[in-house]
Amino acid sequence: MSNRNKLCVLILAAGSSSRMGSPKQLLAWKNTSLLGHAISQAKQVSDDVFVILGANANDIRSTIGNDVVVIENPNWEKGMGTSIALGVRKLIALYSFEAVLIMLADQPLLEAPYLLGLKENFLGSEYKIVATSYGLKNGVPAVFDASLFADLSVLNEDYGARKLMEAYSDSLKTIDPNGKAIDIDTPDTYQQLLNQNV
């Protein structure tokens, strides 16, 4: 069996934060930014962390350390599927990972212990996907086996990772995030989470 422990992390951070009114990737969180926090959590899961940027890429790139590979998505406006596809195509072309953990930059409550739980559930099983449960649907953060990289590399605005999870539902395990899978999309949500996590 292949070494499924060769896992990398792909952080999706290409959105324009239209409802926030400013780049949410740069919002203060703990002693860093939302994206900085996501990177620090990802680094506890794998030494190999990739960040997909799009809107405001130049401003955001300058805040990211050299220990992270930055990939810019020129088609970021077409949705998250294009960012996943671009990132995975890069992984296929340049690296030999056996799995990828895909996560968002704006879910700061899903920290390293949760991400490591996804990884451990994946490594301890034969499942091709270990995903986060959102009630009736599943989503990221999620770990995908390398056998699905070809499928991930052709995602687009019409066909995201959720459809892939449905297609491989017989080889998918879900994890309950216990209410922590909250996206920061608006100033109100940001303020609420800040007040709860000072």
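The residue numbering used here restarts from 1 in each chain and proceeds along that chain's sequence as written. Only residues with pLDDT of at least 70 are given local features in this predicted model, and only at 80 or more are side-chain atom pairs given and counted; all residues enter the totals for whole chains, interfaces and linings. Excluding hydrogens and water, the side-chain figures rest on all heavy atoms present in the structure.

Before going further, it helps to spend a moment on helix H3 (residues 80–94). Numbering of helices and strands runs from the N terminus, with a helix taken as a DSSP run of H or I at least four residues long and a strand as a DSSP run of E at least two residues long. Expected helix span is given by 1.5 Å per residue-to-residue step, counting one fewer step than there are residues. With 15 residues, H3 should cover 21 Å at 1.5 Å per step; its first-to-last C-alpha distance of 21 Å lies within 8% of that length. Along H3, the residues that are buried comprise Gly81, Thr82, Ser83, Ile84, Ala85, Leu86, Gly87, Val88 and Leu91. The contact criterion used is simple: two residues touch if any of their non-hydrogen atoms lie within 4.5 Å. Looking at the buried positions of H3, the neighbouring elements they touch are strand S1 (7–13), strand S4 (49–53), strand S5 (69–72), strand S6 (99–104), helix H5 (149–152) and helix H6 (161–167). Accessibility here uses a 1.4 Å probe with only protein chains present; expressed as a share of the type maximum, an area under 20% marks a residue as buried, one over 50% as exposed, and anything in between as partly exposed.

With that settled, consider the packing of aromatic side chains. Only Phe, Tyr and Trp rings are paired, with Trp represented by its six-membered ring, and only when their centres lie within 6.5 Å; those with planes under 30 degrees apart are stacked, over 60 edge-to-face, the remainder tilted. Taken as a whole and assessed by the stated rule, the structure comprises 3 aromatic pairs. Between phenylalanine 50 and phenylalanine 97, the aromatic rings sit 6.0 Å apart at their centres with planes inclined by 85 degrees, giving edge-to-face as the arrangement. Of the two residues, phenylalanine 50 sits in strand S4 while phenylalanine 97 sits in the loop between H3 and S6, which places them 47 residues apart along the sequence. Grouping residues by exposure puts phenylalanine 50 and phenylalanine 97 together as buried. The structure contains a cluster of three or more aromatic residues connected by ring pairs, namely Phe50, Tyr95 and Phe97.

Below, the discussion takes up the side chain of asparagine 73. Within the fold, asparagine 73 resides in the loop between S5 and H3. Sequence-distant contacts of asparagine 73, that is, excluding residues within four places in its chain, are made with Ile52, Leu53, Gly54, Thr82, Ser83 and Leu86.

Another point: helix H1 (residues 34–42). Of all 9 residues making up H1, 8 are buried, and the element is well covered by its neighbours. Considered for burial, the residues of H1 that qualify are Leu34, Leu35, Gly36, His37, Ala38, Ile39, Gln41 and Ala42.

Let us look at the sheet that holds S4. Two strands are said to pair when DSSP picks up at least two bridges between them. Read across the sheet, 7 strands follow the order S5-S4-S1-S6-S8-S7-S9 without closing on themselves; strand pairing throughout is mixed. Edge positions in the sheet fall to S5 and strand S9 (172–175), since each of these pairs with one other strand and no more. Between one strand and the next, the sheet's axes are offset by a mean angle of 30 degrees, whatever the strand orientation. The sheet contact formed by S1 and S4 spans 5 bridges and is parallel. What sits directly across from alanine 13, in S4, is leucine 53. Axes here refer to lines fitted to C-alpha atoms; in helices the fit is confined to the stretch in contact. Angles between the N-to-C directions go from 0 to 180 degrees. Running over the sheet, H1 touches S1, S4 and S6 and is turned about 170 degrees from S1.

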